[in-house]
Amino acid sequence: MKKRIAIWDNLKFLLIILVVFGHYALQIMHNSAILNGLYISTYLFHMPLFIFVTGMFSKRTVNEKNVKKVLPYLTCFLVTTWILYITKLFLKWNPSFELFSPIALPWYLMSMFFMFLITMLIKDCKPQYVMTLSLIIGVLVGFCKTDNPDFLTWMRTFIFYPFFYLGYTLDADWVEKVTNKIYLKIIAIIFFIVINVLAFSFPKEAGMLSKLFTARHTYNELGKFADDGWIYRILVYALSFAAIFLLISLIPRKRIKGFTVYGERTLGIYMFHYVIIYILVYSAKLPELLEKALPFGWDILFIPIAIITAYLCGNRVFDFISRKLFSSNWKLKG
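A short tour of the structure in this document, coming up. (Residues numbered from 1 in each chain as written. Predicted model: local features only at pLDDT ≥ 70, side-chain atom pairs only at ≥ 80, totals over all residues. Heavy atoms only, no water.)

This brings us to the pattern of salt bridges. All chains considered together, the criterion is met by seven salt bridges. Arg4 serves as the salt-bridge partner of Asp9, at 2.6 Å between the closest nitrogen and oxygen. A cluster of three or more residues bridged by salt bridges with shared partners is formed by Arg4, Asp9 and Glu264. (Salt bridge = Lys/Arg side-chain N within 4 Å of Asp/Glu carboxyl O.)

This is the structure in structure tokens:
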């Protein structure tokens, strides 16, 4: 078994914490300028980076065209969809079963399935041509007039695909080496400070442009930015690519007790964390309770709450379930 490299597990656990926090913020940010600003600044890079890392470790599966190893993404997609559906039933929301048009959590799993298949088909093409074409397509899809951008996650798949493909073309050891520079760490700190300052200083403008971060909105939905939407898409691509390498430069290269190991359990955290979010936010009414108890600063508490949620969902039981579902040996024979 190949030895795991600490930097990537550290990065993955940090990213899944940001995913969990982002999903908390999504539910309640309309009541908090702080959560709104942090939501915008993290959504710029956390999914592109997650997809980049997945692409970087996809080489063997793609090069061997091992579709069997990709099918579990669909299995996990179906299970996660059922988990959300049952949770909403428990909360008496009268949910619909979003199988072919996943809006929330499961979209990532379906998109990964398609990204792997696309890369298997074009793996022998020249990388510079594929990368250029994928970026052009990612820009052009924003012009589409569609009533259902979530159908089979087609829009997110096309827009996020350049991050997956770039990861596929790069060597993980090389990425680790070139990002381990002092000057990059300094630039990274400045970069993320500036991004957050802009997000907090121009909340309306940043909020409108953040629709581009989710990759499921057309340019027509950008309000006053609609006419130049394609330009802003290019800008978002540039910032997201920069954020990927700058954040990697800040990640510790050594194992961290009580942290690194959870980077091996991100799938279980991803699949189950929304259950806790829905229960705490909508059933237990946690935001309202905190706001009454702490009129100032209640929203900041959702940062440690997100971290605790990630740890809870990273327990051995959820990890075991997700690993069994994702195992290529798991029987999908039908």
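On we go.
Ranked by internal contacts, the top residues of the largest apolar core, which has 104 residues, are Leu11, Leu49, Ile51, Phe52, Tyr108, Ile248 and Phe302. Ranked by residue count, the leading element in this core is helix α1 (residues 6-28), at 14 residues. Here Phe302 is in contact with Phe21, Tyr24, Ile28, Leu35, Leu286, Pro287 and Leu290, once residues within four sequence places are set aside. (Core = buried A, V, L, I, M, F, W, Y, C linked by side-chain atoms within 4.5 Å. Buried < 20%, exposed > 50% of the residue type's maximum accessible area, 1.4 Å probe, protein only. Helix = DSSP H or I, 4+ residues; strand = E, 2+ residues; numbered from the N terminus. Contact = heavy atoms within 4.5 Å.)

At a closest axis distance of 12 Å, the pairing of helix α3 (residues 46-56) and helix α6 (residues 107-122) adopts a crossing angle of 40°. Regarding the angle of α3 to α6, the classification is oblique. The handedness of the crossing between α3 and α6 comes out as right-handed. Between α3, through Met47, Phe50, Ile51 and Thr54, and α6, the contact on the second element is made entirely by Trp107, Tyr108, Met112, Met115 and Phe116. Taken together, the residues of the contact of α3 with α6 break down into eight nonpolar, one polar and no charged. (Axes fitted to C-alpha atoms, helices over the stretch in contact; angles between N-to-C directions. Parallel < 35°, antiparallel > 145°, perpendicular 65-115°, else oblique. Left-handed = near helix turned anticlockwise from the far one by under 90°. Nonpolar A, V, L, I, M, F, W, Y, C, P; charged D, E, K, R; others polar.)

Right, let's talk about α6 for a bit. If you check α6, its first and last C-alpha atoms are 23 Å apart, about what 16 residues at 1.5 Å a residue would give, namely 22 Å. Three or more residues of α6 are buried, namely Trp107, Tyr108, Leu109, Met110, Ser111, Met112, Phe113, Met115, Phe116, Thr119 and Met120. Buried residues in α6 make contact with α3, α4 (59-63), α5 (71-90), α8 (154-169) and α13 (266-283). (Expected span 1.5 Å × (residues − 1).)

What follows is about helix α14 (residues 286-293). All of the buried residues in α14 are Leu286, Pro287 and Leu290. End-on, the buried residues of α14 take up no more than an arc of 100°, which puts them together on one face. In α14, the exposed positions angled more than 90 degrees off the buried face are occupied by Leu289 and Lys292. Those residues of α14 that are buried are in contact with α1, α13 and α15 (302-313). (Arc of directions from axis to C-beta.)

The subject of this paragraph is the packing of aromatic side chains. Scanning all chains against the criterion turns up 37 aromatic pairs. Between Phe52 and Phe245, the aromatic rings sit 5.7 Å apart at their centres with planes inclined by 70°, giving edge-to-face as the arrangement. Taken together, the positions of Phe52 in helix α3 and Phe245 in helix α12 (residues 229-250) put the pair 193 residues apart, joining distant regions of the chain. Of the residues examined, Phe245 reaches a relative accessible area of 23% and is grouped as partly exposed. (Phe/Tyr/Trp six-rings, centres within 6.5 Å; stacked < 30°, edge-to-face > 60°.)

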